[in-house]
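What the coordinates show
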Amino acid sequence: MRYISTRGAAPVLTFSEAMLTGLARDGGLYVPESVPQMSADEIAALAGLSYEEVAFRVMKPFCGESFSDDELKGAIARAYAGFGHVARAPLVQLAPGHFLLELFHGPTLAFKDFAMQVIGQLFQIELEKQGRKITIVGATSGDTGSAAIEAFRGLDNVDVFILFPHGRVSEVQRRQMTTPSEANVHALALDGDFDDCQGRLKDMFNHFEFRDEVGLAGVNSINWARVLAQVVYYFTAAVALGAPHRKISFTVPTGNFGDIFAGFIAREMGLPIEQLVIATNQNDILHRCLTTGRYEMDGVKPSISPSMDIQISSNFERALFWAYGKDGKAVAQLMDEMKAKGGFAVSQGALEALREIYASGRVSEQETSLTITEELARSGELLCPHSAVGVRVGHAHVSGATPMVTLATAHPAKFPDAVEAATGIRPPLPPRMADLFERSERVTRVPNDLAALEALITERRRA
Ligand SMILES: *Cc1c(COP(=O)(O)O)cnc(C)c1O
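First, a word on scope: everything that follows refers to the structure included in this document. (Residues numbered from 1 in each chain as written. Predicted model: local features only at pLDDT ≥ 70, side-chain atom pairs only at ≥ 80, totals over all residues. Heavy atoms only, no water.)

In this section: the pairing of strand β9 (residues 248–253). Across the six residues that make up β9, a large majority, six, are buried. Where burial is concerned, the two faces of β9 agree: the one with Ile 248, Phe 250 and Val 252 and the one with Ser 249, Thr 251 and Pro 253 are both buried. A crossover connection joins β9 to the parallel strand β10 (residues 273–280) through helix α11 (residues 258–269); in handedness this β-α-β unit is right-handed. (Buried < 20%, exposed > 50% of the residue type's maximum accessible area, 1.4 Å probe, protein only. Helix = DSSP H or I, 4+ residues; strand = E, 2+ residues; numbered from the N terminus. Right-handed = clockwise from strand over helix to strand, strands pointing away.)

With their axes 9 Å apart at the nearest point, helix α13 (residues 316–323) and helix α14 (residues 328–341) run at an angle of 135 degrees to one another. Classified by the angle their axes make, α13 and α14 are oblique. Here the hand of the crossing between α13 and α14 comes out right-handed. Packed against α13, whose contacting residues are Glu 317, Leu 320 and Phe 321, the element α14 presents Gly 328, Val 331, Leu 334 and Met 335 at the interface. Tallied by class, the residues present in the contact of α13 with α14 amount to five nonpolar, one polar and one charged. (Axes fitted to C-alpha atoms, helices over the stretch in contact; angles between N-to-C directions. Parallel < 35°, antiparallel > 145°, perpendicular 65-115°, else oblique. Left-handed = near helix turned anticlockwise from the far one by under 90°. Contact = heavy atoms within 4.5 Å. Nonpolar A, V, L, I, M, F, W, Y, C, P; charged D, E, K, R; others polar.)

Once that is clear, we can look at the layout of surface pockets. Rolled over the atoms, a probe with the dimensions of a water molecule shows which regions are left empty. By volume, the second largest pocket is sized at about 270 Å³. Looking at the second largest pocket, it is lined by 17 residues, and the ones nearest its centre are Gly 82, Pro 107, Glu 150, Arg 153 and Met 433. Counting residues per element, the ones that place at least two in the lining of the second largest pocket are α4 (69–80) and α5 (112–130). For the lining of the second largest pocket, the class distribution of residues is six nonpolar, six polar and five charged. (1 Å grid on protein atoms, 1.4 Å probe; cavity = no way out; pocket = protein on both sides within 12 Å on 5 of 7 lines; lining within 4 Å. Points joined across faces, edges and corners; volume = space filled by probe spheres on them.)

Here the focus is the sheet that holds strand β13 (residues 358–362). Across a sheet, paired strands are connected by hydrogen bonds in the backbone, their directions being either parallel or antiparallel. Reading across the sheet, the six strands line up as β3-β4-β14-β9-β10-β13 and stay open at both edges, with mixed pairing between neighbours. Since the sheet does not close on itself, it has two edges, and those belong to β3 (91–95) and β13, each with one partner. Going across the sheet, the axis of each strand differs from the next one's by a mean of 25 degrees, ignoring polarity. Lying over the sheet, helix α12 (residues 285–292) contacts β10 and β13, oriented at roughly 125 degrees with respect to β13. (Pairing = 2+ DSSP bridges.)

In structure tokens, the structure reads:
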């Protein structure tokens, strides 16, 4: 199994190389050269298996020679052992023909745990084989950082540093980053906003001397291994609802397009997915693009679903690569235009290809709150604001006999203020983490300054 860049001009890599590299050297994103197929019989045979067994069967063909069966099985078993629900990704019914896929039973209560937990384990196996140590540095507005810390805490060959904007993450998010006590975990509260965190992270990656000295690595959502781990729950949900004998549609609360693109890969593998519906909040670049054919940057407007507050959607490049018939040169041109002019027009052919698979909807702030209120009354489900964006768009796209599955991307207790404002109910943390507010915190306040940050990381990492 070989991995190529969406811009067509980077070295071809194996699975584990692509996983450790993240972003390709030509600025593109790694994708499999060809997508492994699963026959209807193989899909039917997934019925009744454990989540872990399905994960193994779905992920294995993408890994090539990088991991043995035992290594992959062990990584998957350890990744999901800490989840708070034995089904890992249980389905509940909201309405006739409309289901909710709960992806928030992991250790940090957001769907990012599904992928981050697996790649933490796979990184550890690969680094041990190579006798290497790395330093992971990430920037977060909340969910990615906590998921990364949870996944890499206590691993021997990895130090993990997470930059978050001081005073601008929720208390639950902050505590999930500052309470792990392992020596390889370093939570850094930066004096600045999320853009400053991302800016300094980019500066570090562009400072090659520092990058090589500390063995800098990234685990942001463009990492192919993260996308792959997310393909699994599309299979478990679809098979539970009658696939391959029946078609299924999915609605996905979307920001950087990693989660919904995993659904596209499931469809390419042979899962009978009729439609993938993109649900956006007021940061609606993707909805505008599908509607108008222009992909156009716009400033970020902070919302009550902050994990979807994006200016551009990085994994959408992978969707464009397919829509343009895997023409890396064409994708590179679009991305150059994006950089130079802040937007581009999608060709008619590519737009048609996208619209054959994807639909979209946008949800305002008021509609998000209203959906949380209404859904509690209608089905008894207490939704987080991100999931509410999905559910509203999902309801609007239920059609005919095809079941709709909306992905619930975070637990309501992770965003208690928005949920309480909409319902009057302050959602409690699940019992297994009820002591989060009593645990002691460990965090370093850092200035928005590259040299100071690099000095701190060099000093703190356990060489
Ligand atoms: C990250 C995140 C999203 C967006 O997922 P993408 O893969 O970036 O589209 C949605 N909801 C929650 C709660 C998240 O943490």
